[in-house]
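Now for the letters of each chain:
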Amino acid sequence: MATVLSVSGSPSATSRTARLLRHLDRRLTARGHEVIPLDVRTLPAEALLGADFRHPAIVEATELFARVDGVVIGTPVYKAAYSGLLKSLLDLLPQYALAGKTVLPLATGGTTAHVLAIDYALRPVLSSMGAAHIVQGWFTLDKDIEVGADGALTVAPGPAGALAQVVDRFSDALGGRTALPAAAGRAA
Ligand SMILES: Cc1cc2nc3c(=O)[nH]c(=O)nc-3n(C[C@H](O)[C@H](O)[C@H](O)COP(=O)(O)O)c2cc1C
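Since this is a predicted model, take the numbers as computed values, not measurements. (Residues numbered from 1 in each chain as written. Predicted model: local features only at pLDDT ≥ 70, side-chain atom pairs only at ≥ 80, totals over all residues. Heavy atoms only, no water.)

Undergrad: I keep staring at the overall build of the protein and nothing clicks. Help me out?
TA: A count of helical and extended segments in the protein gives seven helices and eight strands. Radius of gyration (C-alpha) of the protein: 16 Å, near the 16 Å computed for a compact globule of 188 residues. Along the three orthogonal principal directions, the C-alpha set of the protein runs to about 45 × 40 × 30 Å. Counting over 188 residues, the protein shows a buried share of 50%. Long-range contacts, defined here as pairs at least 24 residues apart, represent 78% of the contacts in the protein between residues at least 6 apart. For the protein, the accessible area works out to roughly 8,700 Å², and carbon and sulfur atoms hold 56% of it. The distance from the centre of the 17 positive side-chain charges to the centre of the 16 negative ones in the protein is 3 Å. (Helix = DSSP H or I, 4+ residues; strand = E, 2+ residues; numbered from the N terminus. Rg over C-alpha atoms; globule rule 2.2 N^0.38 Å. Buried < 20%, exposed > 50% of the residue type's maximum accessible area, 1.4 Å probe, protein only. Contact = heavy atoms within 4.5 Å. Areas by Shrake-Rupley, 256 points an atom, 1.4 Å probe, with all protein chains shown as cover. Lys, Arg positive; Asp, Glu negative; His and termini not counted. Charge placed at Lys NZ, Arg CZ, Asp CG, Glu CD.)

As C-alpha cells, this is what we get:
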C-alpha cells in the first residue's frame, strides 16, 4: 500500500477538477492506497501570494509532499497552461519536493486545442521538481464532467474509461514504491 497526496489546483469553489480528483481518489482507496486530499484553494491566500514559506499551513503542505509515495496533480487549464494557484504552491515547495515520487498529472479544460497542456506545461515543472516517474496523464473536457444537483459526479463513458486506466497504471507504478527521505531526495 502506498500513500498518495491528491492535489487540486483549481481556485473554483465548484471545481470540476477537484470533484474529479475526489472521485478518482476513491478508486485509489479501493486499490488499497491511503489517499490524502489537498485543495490548494483552502490554503491561506496571503501565504501563497506573499511566498510565506514559514506559514504553518505551507509547512504542513510541504510535509505532506515529503511523506507520501505518490502525488496526483490536477489542474484546470487556464490560458493554455496549469492554474496560477497550483504554481503558487509548487513555487513554495523545496526544489526537489517530488524526488523519488510517482506522479499522475491530470487536467480539465474547455477545448481540445489545449489537450497537450499537461505535456508542454505541467510535465516539465514536475520533472524539474525531481519526480522519479511521471506516468501517463489525462486531459478531460469540462463538458464530459457532469455534476448532479446532489453533487454526484458523472464522467462521460469514453473519458471515464481512460481515466480508470491511467489511475490503475499509476496505482501499479506505486506498487512496492516507498518515498525517499526528503534529505536524500535533495541530494540526488
Ligand atoms: C480564466 C480561465 C481560463 C481558461 N482558459 C482555458 C484555456 O486556455 N484552455 C482550455 O481548454 N480551457 C480553459 N478554461 C476552461 C477551464 O479549463 C475548464 O472549464 C476547467 O474544467 C475548469 O475547471 P475547474 O472547474 O476545476 O476550475 C479556462 C477557464 C477559466 C475560468
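Undergrad: Sorry if this is basic, but what is going on with the pattern of salt bridges here?
TA: A side chain of one charge can pair with a side chain of the opposite charge when the charged atoms of the two come close. As enumerated under the stated definition, the model contains eight salt bridges in all. The partner of Lys87 in a salt bridge is Asp91, and the shortest N-O contact between them spans 2.8 Å. Between Arg123 and Asp119 there is a salt bridge whose closest N-O contact spans 3.0 Å. Placement of both Arg123 and Asp119 in helix H5 (residues 117–128) is noted, with a separation of four residues, approximately one turn of the helix. Classification of Arg123 as partly exposed rests on a relative accessible area of 23%. On the basis of relative accessible area, Asp119 is assigned to the partly exposed category, the value being 39%. (Salt bridge = Lys/Arg side-chain N within 4 Å of Asp/Glu carboxyl O.)

Undergrad: Honestly, the environment of Ala113 in this entry has me stumped. Any pointers?
TA: Here Ala113 shows up in the loop between strand S4 (102–109) and H5. By relative accessible area, which is 59% here, Ala113 ends up exposed. Distance in space between the C-alpha atoms of Ala113 and Leu92 is 30 Å, their sequence separation being 21 residues.

Undergrad: What should I look at first to understand the nonpolar core in this one?
TA: The tendency in soluble globular proteins is for nonpolar side chains to be buried as a group. Within the largest apolar cluster, 33 residues are counted, with the highest numbers of intra-cluster contacts made by Val7, Leu43, Phe65, Ile73 and Leu89. Listing elements by their share of this core, those giving two or more residues are strand S1 (3–8), strand S2 (34–39), helix H2 (45–49), helix H3 (56–67), strand S3 (70–76), helix H4 (84–90) and H5. A per-element tally of this core places H3 first, with five residues. Each residue touching Phe65, except ones within four places of it in the same chain, is listed here: Leu5, Val7, Leu38, Val71, Ile73, Leu89, Leu93, Ala97, Leu98 and Lys101. (Core = buried A, V, L, I, M, F, W, Y, C linked by side-chain atoms within 4.5 Å.)

Undergrad: So what exactly am I meant to see when it comes to the side chain of Asp69 here?
TA: When you line up the elements, Asp69 lands in the loop between H3 and S3. Comment: no salt bridge for buried Asp69; closest opposite-charge side chain is Lys101, at 6.6 Å. A distance of 2.7 Å separates a polar side-chain atom of Asp69 from the backbone nitrogen of Thr3. (Polar contact = N/O pair within 3.5 Å; in protein donor to acceptor, adjacent residues only side chain to side chain.)

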